[in-house]
Amino acid sequence: MGRLAAFLDEADVEPSKGRAGVYVVAAAVVELERSMVLRSFLRSLVRPEDAEPKHDFARLHVARIKDKRRKSEIIATLGMLRHVTFVVGCAKGYRRTVDREPVRRAVMTDMLPWLAKSGVESTLIELRDTKSLQVADARTVAALRTADLLSPQMAVRQGLPSEEPLLWIADACAAAWRRAMAEGKTNWSQWYEPHTALIDVPFTGRRGE
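Owing to the predicted nature of the structure, the values given are computational and were not obtained by experimental measurement.

(A) Fine view of the pattern of salt bridges. A full pass over the atoms with the stated rule returns 14 salt bridges. Residues Glu49 and Arg47 are paired through a salt bridge, measuring 3.7 Å at the closest nitrogen-oxygen approach. Glu49 sits in the exposed class, given a relative accessible area of 51%. Accessibility expressed as a relative area gives 40% for Arg47, which makes it partly exposed. Between Arg128 and Glu101 there is a salt bridge whose closest N-O contact spans 2.7 Å. Within this pair, whereas Arg128 is found in the loop between strand E4 (120-126) and helix H4 (131-146), its partner Glu101 is found in helix H3 (residues 100-117), the two being separated by 27 residues in sequence. When salt bridges that share partners are traced, they join Glu10, Asp12, Glu14, Arg100, Glu101, Arg104, Arg128 and Asp137 into one network.

What follows is the structure in structure tokens.
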């Protein structure tokens, strides 16, 4: 196996009355020497209707694909790509919406060192919508570095899905595992499971606070 890079995205179900929260972070781990071919293939799957509202670009985003058959086909296709494996961190059972960010921090705190120890040289986290959320992710990485839990050899950046199609694979994987863990439906996750390392992250409501 050659040099490796990871591309991270998340999917979640917020807690509500009678339902606990589920938070999934998926990493698509890609062999760098195959990355250009994969990017070209991913762009070939995009259709005009995949254009993002209010943005001048189109991308594969599972949540926005309206055609159910096409959505299932895209998820299956991305789950069977050669030279790609997956790492999925998941925290289940949290009860308060306010815990969403501490839950994410807990998952990332377990996943990033795992990826580094597995030989990943660089990690790109999908850039989140607001500056405060972007800063929160940067602080998580900084805390891991300060505690010597994350190898300085692994670069960690944040990036836009409009600029990096390999993030689209992580989006599909996260959606598939969220469906399996929150709804018990495995018709999507079955395509990823043979190539996925699952990290179950406990969350007590106190971790990171």
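(B) Focus on the state of the cysteines. As enumerated under the stated definition, the model contains zero disulfides in all. Unpaired in this structure, Cys90 has its nearest cysteine sulfur neighbour in Cys173, at a distance of 11 Å. Since its relative accessible area comes to 0%, Cys173 is described here as buried.

(C) Molecular detail of H3. Helix length check: H3 (18 residues) gives 26 Å between terminal C-alpha atoms against 26 Å at 1.5 Å per residue, within 8%. Buried residues belonging to H3 abut strand E1 (4-13), strand E2 (21-31), strand E3 (84-94), E4, H4 and strand E6 (196-200). Of the residues trailing H3, Gly119 is marked for its positive phi of about 100°.

(D) Region of the structure containing the packing of aromatic side chains. Enumeration according to the criterion identifies one aromatic pair in this entry. Each ring, one from Phe86 and one from Tyr192, has its centre 5.0 Å from the other, and the planes form 70°; the classification is edge-to-face. Of this pair, Phe86 sits in strand E3 while Tyr192 is found in the loop between helix H5 (166-183) and E6, placing the two residues 106 residues apart along the sequence. Comparing Phe86 with Tyr192 shows no difference in burial state: the two are buried.

Parameters at a glance
- Residues numbered from 1 in each chain as written.
- Predicted model: local features only at pLDDT ≥ 70, side-chain atom pairs only at ≥ 80, totals over all residues.
- Heavy atoms only, no water.
- Salt bridge = Lys/Arg side-chain N within 4 Å of Asp/Glu carboxyl O.
- Buried < 20%, exposed > 50% of the residue type's maximum accessible area, 1.4 Å probe, protein only.
- Helix = DSSP H or I, 4+ residues; strand = E, 2+ residues; numbered from the N terminus.
- Disulfide = S-S within 2.5 Å.
- Expected span 1.5 Å × (residues − 1).
- Contact = heavy atoms within 4.5 Å.
- Phe/Tyr/Trp six-rings, centres within 6.5 Å; stacked < 30°, edge-to-face > 60°.

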